[in-house]
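# A structural walkthrough
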Amino acid sequence: MAEPFHCDFSGRLFMGHLGNHMLNAADFHSTDRGFGMKYLNTLHKTWVLSRLAIEVSEMPPMYTRFNVETWVESAMRYFTNRNFRVVDSDTPDKVYGYGRSIWAMIDTETRQPTDILAINDGAINEWIDAAYPCPIERGGRVKMSANAEFVRSIDTLYNDIDINGHINSVKYIEHVLDLWPLSWYKDHRLKRFEIAYVAEGHQGDRLSLYREQTADNEFCVRICRDEETELVRSKVTF
């Protein structure tokens, strides 16, 4: 449900909370099928999100009940493609939006990629559904020039860190969307959000955020650690 305190000033769900619902759906789906994080942790492995693209026709209004569907589109040795569809619970023909994501499996000790197809003799292959439609474009490479404007710096603290010990994927989404004031959102609707996770950030890192307008109502954002190491690139379309 789009709970009241998960909604913004317009009475609609925050993009960050929609992202959380998608990531939770991915975890529940993979756990029920034998390749979830709880099981992987016993093998000293875990899933990490590499890319996420969300495109919405509208955000669910406050108190609306909605369903998040998820399925695996493809799986390779080091990456898997997982899609999402967000629909109204009472009117299943009403689609709020779609998501596309790319995940990697890493070794929790070395932090290096590990073979997804080695888990339970490639159990993930049993759940691939390449035919189920996801009509939105895949996330592409976010291109930015050296002229991107520095906007602000942010300290990372306790609430920024997730169960994998690095900065939470959704926190980055919130940091990016906070680059525009409330007055902007009164006149502009968020249509598409893309984010690519380049490197891990940790508690204590100071994040520097750079923004560049690349088209009408399209902006690219780069987040760096201490102004040097790039952690995230994002594209936002209003």
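Structural data are supplied above this passage.
Report on the accompanying structure. Because the structure is predicted, anything quoted here is derived from the model rather than measured.

### Focus: helix α3 (residues 169–177)
Counted residue by residue, α3 has seven buried out of nine residues, so it is predominantly covered. Residues of α3 that are buried include every one of S169, V170, Y172, I173, H175, V176 and L177, and no others.

### Some words on the nonpolar core
The biggest cluster of nonpolar side chains holds 50 residues, and the ones touching the most others in it are M15, L18, W47 and Y172. For L18, the contacting residues outside a window of four places in its chain are L13, I54, V56, M59, F66 and V86. One finds M144, A148, Y210 and C220 within the second-largest nonpolar core, a separate group that totals six residues.

### A word on the packing of helix α1 (residues 15–32) against α3
At a minimum axis separation of 9 Å, α1 and α3 run at an interaxial angle of 160°. Between α1 and α3, the angle is such that the two are roughly antiparallel. The handedness of the crossing between α1 and α3 is right-handed. Each of M15, G16, G19, N20 and L23 in α1 lies in contact with α3, whose residues at this interface are S169, V170, I173 and L177.

### What to know about the pattern of salt bridges
For the coordinates displayed, the defined rule picks out 14 salt bridges. In this structure, E200 engages R111 in a salt bridge whose closest nitrogen and oxygen atoms are separated by 2.5 Å. Of this pair, E200 sits in the loop between β6 (192–197) and β7 (206–215) while R111 sits in the loop between β4 (95–107) and β5 (149–155), and the two are 89 residues apart along the sequence. Under the relative-accessibility criterion, E200 is labelled partly exposed at 25%. R111 sits in the partly exposed class, given a relative accessible area of 27%. For D205, the salt bridge identified is with R225, shortest N-O distance 3.4 Å. Of this pair, D205 sits in the loop between β6 and β7 while R225 sits in strand β8 (residues 218–225), placing them 20 residues apart in sequence.

Conventions we followed
Residues numbered from 1 in each chain as written. Predicted model: local features only at pLDDT ≥ 70, side-chain atom pairs only at ≥ 80, totals over all residues. Heavy atoms only, no water. Buried < 20%, exposed > 50% of the residue type's maximum accessible area, 1.4 Å probe, protein only. Helix = DSSP H or I, 4+ residues; strand = E, 2+ residues; numbered from the N terminus. Core = buried A, V, L, I, M, F, W, Y, C linked by side-chain atoms within 4.5 Å. Contact = heavy atoms within 4.5 Å. Axes fitted to C-alpha atoms, helices over the stretch in contact; angles between N-to-C directions. Parallel < 35°, antiparallel > 145°, perpendicular 65-115°, else oblique. Left-handed = near helix turned anticlockwise from the far one by under 90°. Salt bridge = Lys/Arg side-chain N within 4 Å of Asp/Glu carboxyl O.

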